[in-house]
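Examining the three-dimensional arrangement
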Amino acid sequence: MAHILIVEDEADLRDMLSESLEQAGYDTLTAGTIGEARRKLEHSSPDLLLLDWMLPDASGLQWLRQIRRVKKFLDLPVIMLTARGEVSDRVSGLDGGADDYLVKPFSLKELQARIRSQLRKHNGGGPQERIEIGGITLEIDTHRAMAGSGELRLGPTEFRLLKHFMAHPDRVFSRSQLLDGVWGHQVFIEERTVDVHIRRLRKALEPSGKAGLVQTVRGAGYRFSTRDN
Ligand code: CA
C-alpha cells in the first residue's frame, strides 16, 4: 500500500482526492499549506507527492525545488496539480523537478493512472520494496512482516507503525510525531492511543524475541533500534 501526501489548499478538492485515493487502496496524508506539507513530509515517508501549484503561503513549485535539494527526496515521485494550462508552465513544472503534471479540472481516472505509472516507474517494476533490520523483514506491498522464519501477526496500524520505525532506525519520535507520521489525516486521535499501539506492536513481536527493538526513550518518546536501550 503506497502512501500519498496530498498538498492542496482547496478543502473540497483535497477531501475528494483523499477519499477517492483511500478507496483505491492508498494511504493518504493531507496538507493545505506548504508549512503543513513540510512538517508532514519530514515526519512521514510518502511514496508519492501530489502537489498543488498555488498555495496560500508559498508556491508549490518553489517548495519542490527546495525538497529536490535534499538527497532522500531526489527520487520521490511528484505530480503537480495546477489550474494554469499554458505550455510555459508545463515546461517550468517539469524543469522544477516534477515527474508529471495535471491541469485542473482533471478526471480521477486520469489521476489514478498517472499515480500508478509513477509508482511503477519509481519501484522500477522490480522486486517489491522490503525493509530488513534486526532480523525483521517487512514486505511493503503485501503488508507481510517476518521475523526469522515466522510471520508476525500485525494489525494494519501496527504494521504502519513498525514500517515508520524501520524506515527511520534509531530515530526518537515523540507521540505527536508518531501521530503525524503514522495516523496523519486523523487529527483527533489522543496521544495515549500511540501507547496502546506500541503495546500491541511489542506483544506481536514478543514470540520472536524482538519486542526489545521497540524502545521507550524516557521523556522523549519511542524509537526502533537494534542497540540496547
Ligand atoms: Ca491552489
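Keep in mind that this is a model prediction, so the values were computed, not measured.

1. A word on the pairing of strand 3 (residues 48-52)
Successive residues of a regular strand alternate their side chains across the two faces of the sheet. In terms of burial, strand 3 is a largely internal element, 5 of the 5 residues being buried. As paired strands, strand 1 (residues 3-7) and strand 3 are joined by 4 bridges and run parallel to one another. Bridge assignment links V7 to a residue of strand 3, and that residue is L51. Crossover connection from strand 3 via helix 3 (residues 60-67) to parallel strand 4 (residues 78-82): handedness right-handed.

2. Quick look at empty space enclosed by the protein
If you walk through the whole model with that rule in mind, you get 2 cavities of 30 Å³ or more. Its boundaries defined by the atoms lining it, the largest cavity holds a volume of some 70 Å³. Where the lining of the largest cavity is concerned, the elements lending two or more residues are helix 6 (156-167) and helix 7 (175-183). Top element by residues in the lining of the largest cavity is helix 6. It accounts for 3 residues. The residue makeup of the lining of the largest cavity includes at least three contributed by each of domain 1 (3-123) and domain 2 (130-224). Estimates place the volume of the second largest cavity at around 30 Å³.

3. Examining unusual backbone geometry
In this model, K104 is joined to P105 through a cis peptide bond whose omega is -5 degrees. Here P105 is to be found in the loop between strand 5 (100-103) and helix 5 (108-122).

4. So, the pairing of strand 10 (residues 214-217)
Pairing of strand 10 with strand 11 (residues 221-224) involves 4 bridges; the strand directions are antiparallel. By the bridge assignment, Q215 is partnered in strand 11 with R223. In this structure, the hairpin formed by strand 10 and strand 11 is closed by a connection of 3 residues, where G219 is found at a positive phi of approximately 75 degrees.

5. Things to note about helix 5
The end-to-end C-alpha separation of helix 5 is 21 Å, in line with the 21 Å expected for 15 residues at 1.5 Å each. For helix 5, the full list of buried residues reads L111, Q112, I115, Q118 and L119. Mapping the buried residues of helix 5 onto a view down its axis gives an arc of 125 degrees, with all of them on the same face. Opposite the packed face of helix 5, turned more than 90 degrees from it, sit the exposed residues K109, R120 and K121. As for helix 5, its buried residues are in contact with strand 1, helix 1 (11-23), strand 3, strand 4 and strand 5.

6. Focus on the nonpolar core
Core analysis: the biggest nonpolar cluster contains 29 residues, and I136, L138, F165 and F224 have the highest contact counts within it. Taken together, the elements giving at least two residues each to this core come down to strand 6 (130-133), strand 7 (136-139), strand 8 (144-147), helix 6, helix 7, helix 8 (192-205) and strand 11. Those residues in contact with L138 that sit more than four places away from it in its chain are E129, R130, I131, R144, A145, F159, L162, K163 and M166. Membership of the second largest hydrophobic core comes to 21 residues, among which are L5, L41, F73 and V78.

Criteria and cut-off values
Residues numbered from 1 in each chain as written. Predicted model: local features only at pLDDT ≥ 70, side-chain atom pairs only at ≥ 80, totals over all residues. Heavy atoms only, no water. Buried < 20%, exposed > 50% of the residue type's maximum accessible area, 1.4 Å probe, protein only. Helix = DSSP H or I, 4+ residues; strand = E, 2+ residues; numbered from the N terminus. Pairing = 2+ DSSP bridges. Right-handed = clockwise from strand over helix to strand, strands pointing away. 1 Å grid on protein atoms, 1.4 Å probe; cavity = no way out; pocket = protein on both sides within 12 Å on 5 of 7 lines; lining within 4 Å. Points joined across faces, edges and corners; volume = space filled by probe spheres on them. Domains from an automatic or database assignment. Expected span 1.5 Å × (residues − 1). Arc of directions from axis to C-beta. Contact = heavy atoms within 4.5 Å. Core = buried A, V, L, I, M, F, W, Y, C linked by side-chain atoms within 4.5 Å.

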